[in-house]
Amino acid sequence: MTGTAEREVGRARPRKEDAHLITGQTNWTDNISVNGLLHFALLRSPMAHARIERVDVSPALERPGVIAAFSGADLAEGLGSMPCVWPVTEDIVMPDHPPLAVDEVRHAGDPVAVVVARDRYAAADALEAIEVDYEPLPPVLDLEAALEPDSPLVHADKGTNRCYTWPLKTGEDFGSVRQRAELTLKRRYHQQRLIPNAMEPRAVVVTPIAASGEYTLYSSTQIPHIVRLLMAMVTGIPENKIRVIAPDVGGGFGSKLQVYGEEAIALAIARHLGRPVKWTESRSEGYLATHHGRGMIQDVEIAANRDGKVLGLKVDLLADMGAYLMLITPGTPLLGAFMYPGIYKMDAYEFTCTGVFTTRTPTDAYRGAGRPEATFAIERTMDELAVELGMDPVELRRRNWIRHEEFPHTSVAGLTYDSGNYEAATAKALELFDYDKLRAEQADRNGRADTVRLGIGVSTYTEMCGLAPSRILKDLRYAAGGWEAASIRMLPTGKVEVVTGTSPHGQGHATCWSQIAADVLGVPFDDVEVVHGDTKAAPQGMDTYGSRSLVVGGMAVHHAALKVVDKARKVAAHLLEASEQDLDFANGVFSVKGSPEARKTIQEVAFETFSSHDLPDGMEPTINAEHLLDPDTFSFPHGTHLCAVEVDTETGQTHIRSYVAVDDVGRVINPVIVEGQVHGGLAQGIAQALYEEAVYDDEGNLVSGTMADYLVPSAADLPDFVTDRTETPATSNALGVKGVGETATIASTPAVVNAVLDALRPLGVTDIRMPCTPERVWKAIEEARS
């Protein structure tokens, strides 16, 4: 049957992906088993910084079940340095990053040797037999001290711990604006390191085909196409001999937006032994070896007048690179560079980011990647300014934000926001939150010196997402483009295959892409199958990250479907003996204007094209189509988040009493999926505010190296969220869609921290470093009292 008149886009469809997930039919990388499979385990450095004097793997070869063992020197000849594709400045310092350390280890967890055995337990047990002599070197941990002339060096051959300094100055001169301002505020914020906790650990399987020199690499990755390209560069294996498959992937949050040494090592072992190999990380191993997120010091200065008008903003960052530059390590903090002004109008903006090497696990993208840090800084600072002025924080924001009639608007940072309505989102959030009533209750409780204080936090945000425009990426010195590919195959039976270059890992692409294609083609939703995550089946793509999938990949599907309709129109016109201009197309049916009984369904056209018995002269026998989309700009979702907390001043315990999130993500494809993305994002943003932190001791050891020490909140730790939306369609794409995957993470952290501080300011507390744990909150209260 043909499609019905009911549109798919906007329907709250259950996800196609869920059936096999909840019935145990998943195919995680660790589930993959092939004949002759070997397992490998990695010996990792227990020291943060040391020179490797000797590695002897021969004792491991005597252990039961062990097939082979290698040091870094053993594999060095066939492996190049791990890649960084974002050299953000011409003079950036880019040290070598061997997959297995050879001469020196530079963070706890740096791998130094590998054991290959018949099973994973034999491989792990044999690690203890490897003999390694280390000469300890001083760790480098403090970002400011690392830049001092007498600091120990992470990479001695580079002569500095400074990776780069990246400046941006736009608008008027900030110094001149500061001079005419009636007040300035300076604040320092610390973005603690965060450890990604995807539901599925990282894993890799490589199966070689000796006769042809081909390798199939299965990886729990967000970026199969990028992995294929860069593995060819690291290993020297021709790209056309590598196939990368991302099977079911259990979350990523940026941690699997990476090309890891374990993937290169797996290929090297498979090439050396001619046998398939597998590696799966343990949780504690992942805490050391999977890249971390955030990690920076933010110095912020804002200039304003007494009426609340913001005049300028100055931001200086020290960003912790960790020990090496991974895929986009240096560029990650710069993804927020253009977003520190947020939704506010001002005359001057100055930004500088200095990347610093330390002897810690490398950092890289983590949900939001630079944008949460930027939003935190500006939203915390707006609250600080409101306190200084004695002004309601919502009112201060109203006086400075871009009004809806001013769109499109070019911000002081140089980005053109295409659409938005901050007034509408805030008004809806205030109503749902019952803002005035909560403020009255807060005043009453403060007047009574209640031991449990009520605080209200505000965060009004926007973000740039849909990381895509290739020309902009070129200007930012990013090595790759940002396009995305989609192709649509109309099968002879009328079913549809959508082949996408995006690689989902929980986002619901199969569902949303089916809805988009079904609407354009007029076919039933269930007749659409989405193919993804395999570089042989979907050979073109730039993969999934930065909330780009819908606004780039989904729009590529939309345009490919339109091309299918255009091709089908030619065939239908020929079969109906009418001109193309005389055909209407609706709900999957071509009909002749004025003669609706003369009709052909798109499924009928697909079969006629397959048979090729009666096609227009010169037409190829296909209506299949592909589209590669490279957008002209980013998308800019926005919203208002409000948080009410109760803080027990005797214990320091913070309880989120209510949380309202009103987001504007443009036109919604599937409300169920949007809601899920918002809820997940809120959990991760709240986690940074209250719970999570990667903690190192003075020797550079990760002391929060397990889930017993690193507090990941559960559902029981989180409140019931009140969520809603306003809808301001994007003008930059035909569907009016915007990104949603990172919005709630970006908005929620400052909302929660602002609420905690709002509760405690009457007691003299002015700042608390994240996470706002009970201990830190209690200490801040006691220090203020004393």
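Read on for a plain summary of the structure. (Residues numbered from 1 in each chain as written. Predicted model: local features only at pLDDT ≥ 70, side-chain atom pairs only at ≥ 80, totals over all residues. Heavy atoms only, no water.)

Take the sheet that holds strand E20 (residues 496-500) next. Strand order in this open sheet of four strands is E21-E20-E19-E25, and the pairing throughout is mixed. At either end of the open sheet lies a strand with only one pairing partner, and these are strand E21 (528-531) and strand E25 (625-629). Strand-to-strand twist in this sheet, taken as the mean axis angle between neighbours without regard to direction, amounts to 15 degrees. Pairing of strand E19 (residues 484-490) with E20 involves five bridges; the strand directions are antiparallel. In the sheet register, Arg-489 faces E20, and the bridge partner there is Glu-497. On the sheet, helix H16 (residues 549-576) packs against E19, E20 and E25 and is oriented at approximately 145 degrees with respect to E25. (Pairing = 2+ DSSP bridges. Helix = DSSP H or I, 4+ residues; strand = E, 2+ residues; numbered from the N terminus. Axes fitted to C-alpha atoms, helices over the stretch in contact; angles between N-to-C directions. Contact = heavy atoms within 4.5 Å.)

Take the pattern of salt bridges next. A full pass over the atoms with the stated rule returns 56 salt bridges. Between Arg-657 and Glu-441 there is a salt bridge, with the nearest N and O atoms lying 2.7 Å from each other. Pair noted here: Arg-657 is in strand E27 (residues 654-664) and Glu-441 is in helix H13 (residues 435-447), with a separation of 216 residues, a long-range link. Between Arg-725 and Glu-675 there is a salt bridge whose closest N-O contact spans 4.0 Å. With Arg-725 in strand E28 (residues 721-725) and Glu-675 in helix H18 (residues 671-690), this pair connects stretches of sequence that are 50 residues apart. On the basis of relative accessible area, Arg-725 is assigned to the partly exposed category, the value being 27%. Glu-675 gets classed as partly exposed once you look at its relative accessible area, which sits at 29%. (Salt bridge = Lys/Arg side-chain N within 4 Å of Asp/Glu carboxyl O. Buried < 20%, exposed > 50% of the residue type's maximum accessible area, 1.4 Å probe, protein only.)

Following the criterion strictly, the structure yields 13 aromatic pairs and no others. Ring geometry for Tyr-349 versus Phe-351: centroids 6.5 Å apart, planes at 40 degrees, classification tilted. Comparing Tyr-349 with Phe-351, the two get one shared label, buried. Ring geometry for Tyr-659 versus Phe-721: centroids 6.1 Å apart, planes at 80 degrees, classification edge-to-face. Placement of Tyr-659 in strand E27 and of Phe-721 in strand E28 is noted, with a sequence separation of 62 residues between them. Relative accessible area serves as the criterion here: at 16%, Phe-721 is assigned to the buried category. Through a chain of ring-to-ring contacts, the aromatic side chains of Trp-166, Phe-338, Tyr-340, Tyr-349 and Phe-351 assemble into a single cluster. Its end group placed over the ring of Phe-525, Lys-16 keeps NZ or CZ at 4.5 Å from the ring centre. (Phe/Tyr/Trp six-rings, centres within 6.5 Å; stacked < 30°, edge-to-face > 60°. Lys NZ or Arg CZ within 6 Å of the ring centre and 35° of its normal.)

Where helix H10 (residues 371-389) contacts helix H11 (residues 393-400), the axes come no closer than 9 Å and their chain directions differ by 110 degrees. What the angle tells us is that H10 and H11 run roughly perpendicular. Between H10 and H11, the residues in contact are Glu-379, Met-382, Asp-383, Leu-385, Ala-386 and Leu-389 and Pro-393, Leu-396, Arg-397 and Asn-400, respectively. Of the residues belonging to the contact of H10 with H11, the class tally is six nonpolar, one polar and three charged. (Parallel < 35°, antiparallel > 145°, perpendicular 65-115°, else oblique. Nonpolar A, V, L, I, M, F, W, Y, C, P; charged D, E, K, R; others polar.)

The next point concerns the side chain of Ser-71. Of note, Ser-71 is situated in strand E3 (residues 66-71). The class of Ser-71 is buried, set by a relative accessible area of 8%. Ignoring anything within four residues of it in the chain, the contact list for Ser-71 reads Val-55, Val-57, Leu-100, Val-112 and Ala-113.

Attention now goes to unusual backbone geometry. Glycine aside, residues mostly have negative phi angles, and peptide bonds mostly take the trans form. Following Phe-407, the chain continues into Pro-408 via a peptide bond in cis, with omega recorded as -5 degrees. With respect to the element layout, Pro-408 can be found in the loop between H11 and strand E16 (409-410). Looking along the chain, the bond that leaves Met-770 and enters Pro-771 is cis, with omega of -5 degrees. The phi torsion at Glu-577 lies on the positive side, around 55 degrees, for a residue other than glycine.

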